[in-house]
Amino acid sequence: MATFHVNEIATITGGTIIKGNNDRSIHKISTNSKVGDSDTLFVPIVGERVDAHDFIADAYKQGIRVTLTSKEEIADGTDDMIYIKVNHTVDALQRLGEYHRDHSKVPIIGITGSVGKTTTKEMIAAALSTKCNVLKTIGNMNSQVGLPQMMLMLEDTHEVGIIEMGMSEFGEMERIAKVAKPNMAVVTNIGVSHIGQLKTQENIRKEKLNIVNYFTEDSILLLNGDDPLLLEICEEYSKDNGSVKEKTQNNGSVDLSEMTRSSLNKASVYTFGTNSHCTIYADNIKTDGESTMFTFHYKEGTKEALVGEITLSVLGKHNILNALVALFFAIQLGIDPLAAKEGLKEYKPIAMRGEIEKVNGITIIDDTYNASPDSMKGAIHVIMDMPKEHKKFIVFADVLELGDISRKCHYEVGEYLAKQCKLEKACGKESTFIDEVITIGEEAKYILDGIRENGEGINTKSFMDREEAFHYIKTQLTKGDVILLKGSRGMKLDLIVKRLKEEL
């Protein structure tokens, strides 16, 4: 963790010490008044419902003796606390993170995309940790407040940082890109997450691509070549179309900020996917119901430089794409793909993100951490690929923050599921068929409309109440069944998973 003297903090943040002496250094930073000690700087964040300035006294009781503040008031009972007045505490935290990042030589891989950031991060870490000391994003510390704290954890002993970079509003990616300044970055996909705020997928793409705004001549961007919206960027800037360093300034038709376009013209842009036009791609994809096998191809220019066989202990096309990203960055960092692929083979999903557990003969796929329409479609393939002893159930809950297109997006999930089941059945793959889909929430019920209007033979059931849904689900499950649960975090499907594990 970075070490700062109080005077240094004031200088970096543009703040002023308004109370206390300056004879102290800190080695930790906390935004939680209940976590810290005498070596900690407290950063009170002003949220929509809570102003953490109200908890400065609690931080003092915890032993913390230095705090940032954007107010003039001194909390009662904090006589020997040092107050550093700044204009905005989040901005001050970001300045500290940026300062520490600017003084570190550790290469940073930035990860963004509408879905799959955490799984991609974990797979990259699995591949790179075979040879590197890795710093990776902890929990959900990928935001305006969390990301600068991750930067402050950079140490000289780290050999690479793998950093998630999330956004939900205009301008957010630009701010955290300035803090993290990734040397390499990947955009996993452009979906509809946060479209309620950003209005269009083109706006989402524009905002996500601000991740490159502090790129240099040596920087690398990896894009999903299977994603139509990213493919437009690939066609304009991809390394596979010739070195962008040899091109004249590209002022293409895709809507991007001037800073983004300038950075893309400087950097090298590559692609990953399941199409042979990509820099790194997968083919010969197979599954045995428990593992996924594929061949990866890595090209330099138009020539294949590396070909290898990969085995993953997880299912789903999205995990194949994640593995390709991990292999790409391993190659860029000089890690032997043989070592990287062993790390990938050991990868297991983390809690609530596709975690699979068998309880009294019933297989539960816990993918309840969050959801988007695209990640729901990916999860459908996971359960379809699993062995079938009896029945397969899917529980989908509302995807939140979809704005005016919510009903359309939910309907399309159901339509997609129905058509996939129909296709697999026509191919004689009865084991992939989904027997029943249960929805929870006002919006998720439109998934069932998509199923009923585009498929046949799939039972459907809708609930508005999570408790009622749980009791129904519990009565339906028998030994040999497989059940997938997925929905937005706010729908709290993890509570159903917890009770199923306790009561089945």
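A. The arrangement of the nonpolar core in detail. Membership of the largest hydrophobic core comes to 67 residues, with the highest contact counts inside it found for Met165, Leu221, Leu223, Ile394, Phe396 and Leu417. No other element matches the 6 residues that helix H13 (residues 373–385) contributes to this core. Beyond its immediate sequence surroundings of up to four residues, Leu221 is in contact with Ala185, Val187, Leu209, Val212, Phe215, Leu264, Ser268, Val269 and Tyr270. One finds Leu128, Phe294, Phe296 and Ala340 within the second-largest nonpolar core, a separate group that totals 41 residues.

B. Up close: the pairing of strand S21 (residues 459–463). Relative to S21, strand S20 (residues 436–440) runs parallel, the two being bridged by 5 bridges. Note on S21: the bridge partner recorded for Ile438 is Lys461. A crossover connection joins S20 to the parallel S21 through helix H15 (residues 445–454); in handedness this β-α-β unit is right-handed.

C. Representation of unusual backbone geometry in the model. Within the chain, Asn284 stands out as a residue other than glycine whose phi angle is a positive 50 degrees. Phi at Lys492 is positive, roughly 55 degrees, even though this residue is not glycine. In this fold, Lys492 is placed in the loop between strand S22 (482–486) and helix H17 (494–503). We classify Lys492 as partly exposed; its relative accessible area is 43%.

D. Region of the structure containing the packing of helix H3 (residues 89–102) against helix H6 (residues 172–180). In the contact formed by H3 and H6, the axes pass within 7 Å of each other and the chain directions differ by 40 degrees. As the angle between them shows, H3 and H6 are arranged oblique. Contacts between H3 and H6 involve Gln94, Gly97, Glu98 and Arg101 from the former and Arg175, Lys178, Val179 and Ala180 from the latter. Residues of the contact of H3 with H6, tallied by class, amount to 2 nonpolar, 2 polar and 4 charged.

Parameters at a glance
Residues numbered from 1 in each chain as written. Predicted model: local features only at pLDDT ≥ 70, side-chain atom pairs only at ≥ 80, totals over all residues. Heavy atoms only, no water. Core = buried A, V, L, I, M, F, W, Y, C linked by side-chain atoms within 4.5 Å. Buried < 20%, exposed > 50% of the residue type's maximum accessible area, 1.4 Å probe, protein only. Helix = DSSP H or I, 4+ residues; strand = E, 2+ residues; numbered from the N terminus. Contact = heavy atoms within 4.5 Å. Pairing = 2+ DSSP bridges. Right-handed = clockwise from strand over helix to strand, strands pointing away. Axes fitted to C-alpha atoms, helices over the stretch in contact; angles between N-to-C directions. Parallel < 35°, antiparallel > 145°, perpendicular 65-115°, else oblique. Nonpolar A, V, L, I, M, F, W, Y, C, P; charged D, E, K, R; others polar.

Spatial relationships are all this shows, so hold off on functional conclusions.
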